[in-house]
Amino acid sequence: MNTLPAQSDALLDIRDLAISFKTDEGKVRAVDGVSISVKPGQIIGVVGESGSGKSVTMQSILRILPGNAIVERGEILLRQSRNGSDAEVVDVTQINPNSKRMRSIRGGEVAMIFQEPTASFSPVYTIGNQMMEAILLHRDVNKPEARTIAIDMLARVGISNPERRIDQYPFEFSGGMRQRAMIALALSCNPSLLIADEPTTALDVTIQAQVLELMKDLQRDLGMAILFITHNLGVIAQIAEEIVVMYLGTIVEKGPTREIFHNPKHPYTVNLLKAIPKVGQSRTRLAAIEGNVPSPLERPTGCIFHTRCSQRTHGTCDVYAPKLTQIGPDHTTSCFLYE
Amino acid sequence: MTTTNHTLLEVRNLTKEFPLRKGFFNRTQGSIKAVSDVSFTINRGETLGLVGESGSGKTTIGRSLLRAIEPSSGKVLFHMDEGQTVDVTSLGMNELRTFRRNMQMIFQDPYSSLNPRMTVRDIIAEPLVVNGTSNRTEIDAQVRDIALRCKLNIEHLRRFPHAFSGGQRQRIGIARALALNPAFIVCDEAVFALDVSVQAGVINLLQDLQVELNLAYLFIAHDLSIVEHISDRVAVLYLGRLVELAATPKLFANPFHPYTEALLSAIPEADPDQPMRPVALAGEIPNPANPPSGCYFHPRCRYAEEICKTTTPEWKEYQPGHFAACHFAGELALKGVENVKEGEA
Amino acid sequence: MTILNETSQDTSIPTVRSGESEATLRYYSASQWQLIWWRFRHHRTALAGGIVLIVIALAGAFAEFLTPYTGTTRNTEYLLGPPQPIRFWDTNGFSLRPFVHGVKTERDPVTLRPLPVADPETRWYIRFFTHGDSYTFFGLFRSDIHLFGTDEGFLHLFGTDDIGRDVFSRVLYAGRTSLSIGVLGVLIAFVLALIIGGIAGYFGGWIDYIIQRLTEIVRVAPVIPLYMGLAASFPREWSTEQVFFAMTLILGLVGWPTLSRRIRSQLLTLRNEDYVTAARLAGAKASRIISVHLLPAFSSYIIVDLVISFPYMILSETALSFVGLGLRPPAISWGVLLQEAQNIRAIQQAPWLFIPAAVLVIAVLAFTVLGDGLRDAADPYTVTGS
């Protein structure tokens, strides 16, 4: 087992992570040099479009990557505090994905919720059965206690009549309720980190608002950290304290939410914010970003955004890759304009 | 409802029921009213936004107008340029086929809406071919013209759809819809599936084309910020019924229906300094097969009173151009979005 | 495509600029069939299966020319004779021209039955384009030229059966019969399925409902007793050709429901594709929608289904003929050959009579792996991406 002494106060420290996929067309780089650090109790938002590598990065934390994925380099340091004893730090990339250790991290230390709640519930068991199974696996309790915890969790996420609901099957729940039940399932083992992968994308606005409020409340009450992945800038503005902007597998900008929204630096972030309609500014024309998100098979050389950037300099941006540069307290960006 | 000579499309009491089949013999056991008694008008060159949550009947309305699905009852009247009025709902199959050139549709999914086995040129040309243009050079000239308008690369016309990304595919879909020079286009969640950075380009294109060609859009979407951005007027749908319709700034600044208020309060603003304060809605959207009595919204409405449980509120014009179906329309102090001014536009 | 900087930690190293390469451009303007072929090409086993089938089909088609004897020629000097291996050398040295050893007749010391035995002292050389039994080729022209044969003596690569007929020749002729029964059976089933499934899938509603129930009735009928009942009703005096056509008809009539259901469900899915709606909204007639949008879309799936249903047809024919209800001698099919081999004596004394079974197994396996490969390639538009 690869254990390292705890160096920082970070709960999760992803360092220079690079992941590729083996495909028929060759090796495709999906994540390239991503570093994210999450402190306990922090909500970090990860924004990016399709192909930005945000989901792949999150899957690598739980080692649930597809079979053709290769972790090329980097470490994912997770601080585990076990039974009150001293915290130890493990490098998740060094653990066998099918080992007992990994299984105890999944759903125990780190929980994940998805866009499609149907994916996390089996249709043939009751909601309660599935929650209790998870609780019994990760917590030192007996069956009746597990049931009490499950009912308590369901009540907490705002499901009315949890004593009755717990014995129902997933198909008896509506979409919004299933999403909340999934959150209850994820939180029932007291994770210190919750990874939420587009948890509200499939939901209607009113339900989305409820789920966002719920997640903020739970984070406040239970003190866990949340990695919130989305492509929706509105949602990220409402929930995150700190934002990581990803494009084609790399981080282009990172900083506190207010900084990112009021003082964006990277041309991609700047343009993205100008490209979304804002209520109350209906007559302003949207600033579209030229071109399309390149296919991962055709990753541009140099700065990965240069093919669509209006401020690119010939001979620099298309040849050299910019480094992540500090431009303010906690605010970094990778762009030659700031190097 | 009043019509002016700007009115292009008039929808009267549109209703669509889907039979509910059950059991071994597939017998019809009752029906679900996906859309009930919906009336509105669309003017030439205007965008009417249609919002509502999943299952509210948005898509059904859009497709019924074009008779992509057959409405159960109600009328759709189309006022032609020449002054004559066509009752779309009563056209026979052959008449309908030739009439279709006036109304087209842009689909949500840029992947399933293009036949992967046809080249871009053939996809855009299909409406022309189907409607009797047989001269190849003429077709090619028109296809190039439309492609240029939609900012597609002419060089790419010989490629197949699998060569393109979502945004480009959606432009191809728009080009196909424009081929017959229609006056009205239903945009069914036309930008929903696109990446944020690409979405703006397609929205801008739709707006440019509208100005150039005097197009009218029915813009169906559930993202309220986009609807607010693109629509002249907005209609709000709940469980198959219209609950409110007004000019965009009016509806956003000063809603008349509690459901509209709840929707507006749930918009996640892309600004951390404007925290969302969603109005809590009790319960879930009811099952459309078994809707509540009276006002469909009453079990979730915090202003509901006795009358709401028993009587269906009437669809009325409470202020000029501001329609609503609520017993207390205009009487409640409902909150809109703060930074929208009613006098704007 | 980008060339990856495998280990470089220093991100400022210039990397190779990528553009739209020739290959991507070709991919962008590739039609459905090109994409399917490119994908299929990577499927080695399926490719091999396809080649095996082509060889078997060609062997059947040109059986008269490729075999040294007709399927019914009897060699009374070599009854139940073992296969004669082709040799280039023996104890008497090497020869560039291949040969087989001659045969001399000995008497079985116990039963005193005449027994053909290889004689290593004589060589019968194999010659190409020899004159032998005359035949009519495709019913068009007469010839007596065979690809190979011997000048003196005889040549039985797979041995002979108990009345001295050449097993190698019979396997090739039988392959032709069995494959053509398969082809015709599948075609009949396909035409029926296309009409029935097509009507159900395109129109839907109550028409679909009734057709579905009818299809189910045919499907639940137990196949083997049905085959047997129908086959038993063939009048004894029917000619080989009549039995042959009746067989294909039965196989077709019993085989359509599976195909029909597939066609129906394909159509039901495709009918609701947005691009079909778009065509309808553009004013396209039903005929155009079917021919331009629906047929090309499911043709690839249908080919897969046809290939997969082939072995069932061939196996059904074999099974029927094996139990004596299908084709009967003098017709030659794989089933007939196996039926003739079904006795203890054959297993004990003449295992070469089972060579037709091996060929049958190879053919069925080839169909199966080919079908598998085609199924994977049939939908080139499902992109596996993140």
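These notes cover the structure that comes with them. Residue positions are given per chain, counted from 1 along the sequence in the order it is written. Chains carry letters from A onward and ligands carry numbers from 1 onward, assigned in written order. Side-chain atom pairs in this predicted model are given and counted only at pLDDT of 80 or more, local residue features only at pLDDT of at least 70, and totals for whole chains, interfaces and linings cover all residues. Neither water nor hydrogens contribute to the side-chain values; these are computed over all heavy atoms in the structure.

### Some thoughts on the overall build of chain B
A run of DSSP states H or I qualifies as a helix once it reaches four residues; a run of E qualifies as a strand once it reaches two. Both are numbered from the N-terminal end. For chain B, the helix and strand inventory stands at 10 helices and 12 strands. The principal-axis extents of the C-alpha atoms in chain B amount to approximately 70 × 55 × 45 Å. For each residue, the accessible area found with a 1.4 Å probe, counting protein chains only, is set against the maximum for its type, and the residue is called buried under 20%, exposed over 50%, and partly exposed in between. Here chain B, with 345 residues, has 59% of them falling under the buried criterion. The long-range fraction of contacts in chain B, counting pairs at least 24 apart against all pairs at least 6 apart in sequence, stands at 65%. Values of accessible area rely on a 1.4 Å probe in the Shrake-Rupley scheme; residue burial ignores everything except the protein chains shown. With the model as given, the accessible surface of chain B reaches about 13,700 Å², and the carbon-plus-sulfur share is 48%. We call two residues contacting when some pair of their heavy atoms lies within 4.5 Å.

### Some words on the pattern of salt bridges
If the charged atoms of two oppositely charged side chains come close together, the side chains can form a pair. Residues and elements named next belong to chain B. The salt bridge definition used is simple: a Lys or Arg side-chain nitrogen within 4 Å of an Asp or Glu carboxyl oxygen. This structure, assessed with the given rule, holds 31 salt bridges over all chains. Linking E212 and R149 is a salt bridge whose minimum nitrogen-to-oxygen distance equals 2.6 Å. In this pair, E212 sits in helix α6 (residues 196-213) while R149 sits in helix α4 (residues 136-149), placing the two residues 63 residues apart along the sequence. Take E212: its relative accessible area is 48%, and that puts it in the partly exposed class.

### Concerning the nonpolar core
Throughout, nonpolar core names a set of buried Ala, Val, Leu, Ile, Met, Phe, Trp, Tyr and Cys residues whose side chains join them through atoms within 4.5 Å. One finds M215 and L233 of chain A together with F252 of chain B to be the most contacted residues of the largest nonpolar core, which totals 140 residues. Sequence-distant contacts of F252 of chain B, defined by excluding residues within four places in its chain, comprise V279 of chain A together with L224, E228, V234, L264, I267, G336, V337 and V340 of chain B.

### Here's the deal with the sheet that holds strand β10 (residues 241-247) of chain B
Residue and element names in this part refer to chain B. Pairing within the open sheet is mixed, and its 8 strands lie in the order β6-β7-β8-β3-β9-β10-β12-β11. In this open sheet, the two edge strands, each paired with only one partner strand, are β6 (103-106) and β11 (316-319). Sheet twist, expressed as the mean angle between neighbouring strand axes with direction ignored, is 20°. Pairing of strand β9 (residues 233-238) with β10 involves 6 bridges; the strand directions are antiparallel. Note that in β10 the partner of V236 across the bridge is E244. In the packing of α6 onto the sheet, contacts are made with β3 (47-51), β6 and β8 (216-220), and the angle to β8 comes to roughly 155°. We treat two strands as partners when DSSP finds at least two bridges between them. Comment: axis = line fitted to C-alpha atoms, over the contacting stretch for helices; angle = value between 0 and 180 degrees taken between N-to-C directions.

### As for helix α10 (residues 267-275) of chain A
For α10 of chain A, the tally of buried residues reaches 7 of 9 residues, placing the bulk of the element in the interior. The complete set of buried residues in α10 of chain A reads P267, Y268, T269, N271, L272, L273 and A275 of chain A.

### Quick look at the sheet that holds strand β4 (residues 43-47) of chain A
Residues and elements named next belong to chain A. Reading across the sheet, the 8 strands line up as β7-β8-β9-β4-β10-β11-β13-β12 and stay open at both edges, with mixed pairing between neighbours. The sheet is open, and its two edges are formed by β7 (110-113) and β12 (325-328), each paired on a single side. Along the sheet, successive strands turn relative to each other by an average axial angle of 20°, direction set aside. In this structure, β12 lies alongside strand β13 (residues 331-333), joined through 3 bridges in antiparallel fashion. Residue pairing across strands places Q326 opposite T332, the latter belonging to β13. The strands that helix α1 (residues 54-62) touches are β4, β7, β8 (193-197), β9 (225-230) and β10 (242-247); relative to β9, the one it contacts most, it runs at about 145°. Docked against the sheet, helix α7 (residues 205-222) engages β4, β7, β8 and β9, running at close to 160° with respect to β9.

### A look at empty space enclosed by the protein
Residue and element names in this part refer to chain B. The distinction between a cavity and a pocket rests on a 1 Å grid over the protein atoms alone: a 1.4 Å probe fits inside a cavity but cannot get out, while a pocket stays open yet meets protein on both sides within 12 Å along at least five of seven lines, and a residue with an atom within 4 Å of a point counts as lining. Grid points are joined across faces, edges and corners, and a volume is the space filled by probe spheres set on the points. Evaluated as defined, the whole model comprises 9 cavities of 30 Å³ or more. There is about 90 Å³ of room inside the largest cavity. If you go around the largest cavity, you meet 15 residues; those closest to its centre are P258, C295, C301, C308 and C326. For this classification, the nonpolar set comprises Ala, Val, Leu, Ile, Met, Phe, Trp, Tyr, Cys and Pro, the charged set comprises Asp, Glu, Lys and Arg, and every other residue, Gly included, is treated as polar. Considering only residue class, the lining of the largest cavity consists of 12 nonpolar, 3 polar and no charged.

### Topic: the interface of chain B and chain C
The interface of chain B with chain C comprises 32 residues on the first partner and 28 residues on the second. Of the roughly 2,700 Å² buried between chain B and chain C on both sides combined, carbon and sulfur atoms contribute 56%. Inspection of the region where chain B meets chain C yields 2 salt bridges. Nitrogen and oxygen atoms within 3.5 Å of one another constitute a polar contact, given that in protein one can donate a hydrogen and the other can accept it, and given that sequence-neighbouring residues count only through two side-chain atoms. In this assembly, chain B and chain C are joined by 10 residue pairs in polar contact (both at pLDDT 80 or more). Those elements that provide at least two residues to the side of chain B that touches chain C are β6 and α3 (120-130) of chain B. Considering each element in turn, the side of chain B that touches chain C owes the most residues, 4 residues, to α3 of chain B. Buried surface area refers to the total accessible area, computed with a probe of radius 1.4 Å, that the two partners give up upon joining, counted for both partners together.

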